[in-house]
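Given next are the chains, with one letter for each unit.
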Amino acid sequence: MREITLRPSPISATVDFSVDGIQHGFLRLPYSRDDSAWGSVMIPVTVVKNGEGPTALLTGGNHGDEYEGPIALFDLARKLKAEDVTGRVIIVPAMNYPAFLAGTRTSPIDKGNMNRSFPGAPDGTVTQKIADYFQRTLLPLADIVLDFHSGGKTLDFLPFCAAHILPNKAQEEKAFALVSAFGAPWSMKMLEIDAVGMYDTAAEEMGKVFVTTELGGGGTATARSARIAKMGVSNVLKAAGILNGPIDGAQTTWLDMPDGNCFSFAEDGGLIEPLVDLGDTAKSGQVVARIYPVGRAGAQPLEVHAKMDGILVARHFPGLVKSGDCVSVLATIVTG
Ligand code: ZN
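Residues take numbers from 1 onward in each chain, read along the sequence in its written order. For this predicted model, a pLDDT threshold of at least 70 governs which residues receive local features, and a threshold of 80 or more governs which side-chain atom pairs are given and counted, while totals over whole chains, interfaces and linings are taken from all residues. For the side-chain quantities, the full set of heavy atoms in the structure was used; hydrogens and water were omitted.

Asks: When you look at the overall build of the protein chain in this model, what are you seeing that I'm missing?
Replies: We count a stretch as a helix when DSSP gives it H or I for four or more residues in a row; a strand needs E for two or more, and each element gets its number in order from the N terminus. Per the secondary structure count, the protein chain includes 7 helices and 19 strands. Structurally, the protein chain occupies a C-alpha span of about 65 × 55 × 40 Å along its principal axes. A buried classification covers 51% of the 336 residues belonging to the protein chain. Sequence-distant contacts, at least 24 apart, represent 70% of the contacts inside the protein chain between residues at least 6 apart. Relative accessibility thresholds used throughout: buried, under 20% of the residue-type maximum; exposed, over 50%; partly exposed, between the two (1.4 Å probe, protein chains only). When checking whether two residues touch, look at their non-hydrogen atoms; a contact exists if any pair is within 4.5 Å.

Asks: How do you make sense of the coordination of the zinc ion when you look at a structure like this?
Replies: Those donors, His63 (ND1), Glu66 (OE), Glu66 (OE) and His149 (ND1), are the protein atoms that reach the zinc ion, and they lie 2.1 to 2.3 Å from it. Think of the donor list as every N, O and S atom within 2.8 Å of the metal, or within 3.2 Å for Na, K and Ca; water never makes the list, so a site can look incomplete. A four-donor site is classed as tetrahedral when every donor-metal-donor angle falls between 85 and 135 degrees; four donors are called square planar, and six octahedral, when trans pairs exceed 155 degrees and all remaining angles lie between 65 and 115, with any other arrangement labelled irregular. Between the 4 donor atoms coordinating the zinc ion, the angles at the centre fall across 58 to 150°, so the site counts as irregular. Taken in sequence order, the residues that donate to the zinc ion follow the motif H-x2-E-x82-H. Of this pair, histidine 63 sits in the loop between β4 (55-59) and α2 (68-79) while histidine 149 sits in the loop between β6 (144-147) and β7 (155-157), and the two are 86 residues apart along the sequence.

Asks: Whenever I open this one, the sheet that holds strand β15 (residues 287-292) confuses me. Can you help?
Replies: What links the strands of a sheet is backbone hydrogen bonding, and the strands pair in either a parallel or an antiparallel sense. Strand order across the open sheet formed by 4 strands is β16-β15-β13-β18, with antiparallel pairing between neighbours. The open sheet has two free edges, formed respectively by β16 (302-305) and β18 (320-321), since each of these has just one partner strand. Bridge count between strand β13 (residues 270-274) and β15: 4 bridges; the pairing is antiparallel. By the bridge assignment for β15, proline 274 is matched with alanine 289. Following DSSP output, two strands are said to pair if at least two bridges run between them.

Asks: Help me understand the nonpolar core in this model?
Replies: Across soluble globular proteins, nonpolar side chains show a tendency to be buried alongside one another. By nonpolar core is meant a set of buried Ala, Val, Leu, Ile, Met, Phe, Trp, Tyr and Cys residues that side-chain atoms within 4.5 Å join together. Core analysis: the biggest nonpolar cluster contains 34 residues, and Leu58, Phe148 and Phe182 have the highest contact counts within it. The set of elements that each furnish at least two residues to this core consists of β4, α2, β5 (87-92), β6, β8 (160-164), α5 (169-182), β10 (209-214) and α7 (223-239). Residues in contact with leucine 58, not counting those within four places in the same chain, are Leu73, Leu76, Val89, Ile90, Ile91, Val92, Leu146, Val233 and Leu237.

Asks: Looking at this model, I keep getting lost on the pattern of salt bridges. Mind explaining?
Replies: Pairing is possible between side chains that carry opposite charge, provided their charged atoms lie close to one another. The term salt bridge refers to a pairing of a side-chain nitrogen on Lys or Arg with a carboxyl oxygen on Asp or Glu at a separation within 4 Å. Summed over all chains, the structure comprises 11 salt bridges. Ionic pairing is found between arginine 33 and aspartate 35, a salt bridge with its closest N-O pair at 2.9 Å. Linking arginine 78 and aspartate 75 is a salt bridge whose minimum nitrogen-to-oxygen distance equals 2.9 Å. Within this pair, arginine 78 and its partner aspartate 75 are both found in helix α2, separated by 3 residues, close to a single helical turn. Judged by relative accessible area, which is 61%, arginine 78 ranks as exposed. Salt bridges sharing common partners tie together Asp75, Arg78 and Lys79.

Asks: Can you walk me through the pairing of strand β2 (residues 21-30) in this structure?
Replies: Both faces of the sheet carry side chains from a regular strand, because those side chains alternate between them. As defined by bridge partners, strand β1 (residues 12-13) adjoins β2 across 2 bridges and the pair is classed as antiparallel. Each bridged residue has a counterpart across the sheet, and for alanine 13 the counterpart in β2 is leucine 27. Relative to strand β3 (residues 40-50), β2 runs antiparallel, the two being bridged by 10 bridges. Opposite leucine 27, over in β3, you have isoleucine 43 as the bridge partner.

Asks: Explain a nonpolar patch on the surface here, please?
Replies: On the surface, Leu271, Val294 and Leu320 cluster together into a nonpolar patch covering about 290 Å² of accessible area. Residue position: leucine 320 is located in strand β18. The exposed category is assigned to leucine 320, whose relative accessible area is 57%. Exposure above 30% relative accessible area and the absence of a salt bridge qualify a residue for a patch, where like charges join within 9 Å and nonpolar side chains (Val, Leu, Ile, Met, Phe, Trp, Tyr) within 5 Å. Each accessible area value is a Shrake-Rupley result obtained with a 1.4 Å probe; residue values ignore everything except the protein chains displayed when judging cover.

Laid out in structure tokens, this is it:
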């Protein structure tokens, strides 16, 4: 088996995950470099444990330019009290910490995209070493996993919590129950463009109950999206039995991404004119955006068409688009 041949992780935690109480510390990853010969990457971590019960692993900053997760989790880490918890909560507000500090999707050290780096490698790049630590140390401790995402600098989303359709229907049902409890305005049965190497897939293959989010985007957060994130994490912990108290019953509308026709991509670069906004409906064949060539005036724009009926759940964010960029994502409203 793969595990037998792997060397130990170079990451050491300054907290003890088995001890009751609250500890704030670091996942310390040695990283020798020009400005720090025996230096380290110090990834903040909080563990709150009180007796026996389920473990929730909460992560933000998987992509470094997505902010609702870090906001909700830095906030939770300073407020959570051990006596409020039954079981254990492990909080890593900024999973790809070098990317988070740089404000970029991928790591400035190795260009590693954390969510394409699993299962990682203990002798790999910095990003692969972090992934390996989650794969072999943190995920095995968890019963439920909540990983926050948003659109980052290049996408913007309707705020939704999501889980995947899974072969194990009992696992899928538990995940969708947590999505419902999260209470975002929208809830998604999510289809991935490319599931290989994802944290999601690593957690799900271990049988963990995994939920994720897309809560906005554009490389920032709003008061509304931050509120949704903070309420959502509290609701998930209540639904898991880790926190007491009633779930803040926000109503949610369920969405489905039925197949690859939900995505439209730019076939050329240029200036993008959106014709449909987030939350608006579009019909199959409808032009959802125009892309103007900008080399000279008078040229006809390229039209980007919807390939199915649905509502717009994600859009390209910057005003200029490149060939191959994701322009729009549609989803269908689930009724009944
Ligand atoms: Zn992300």
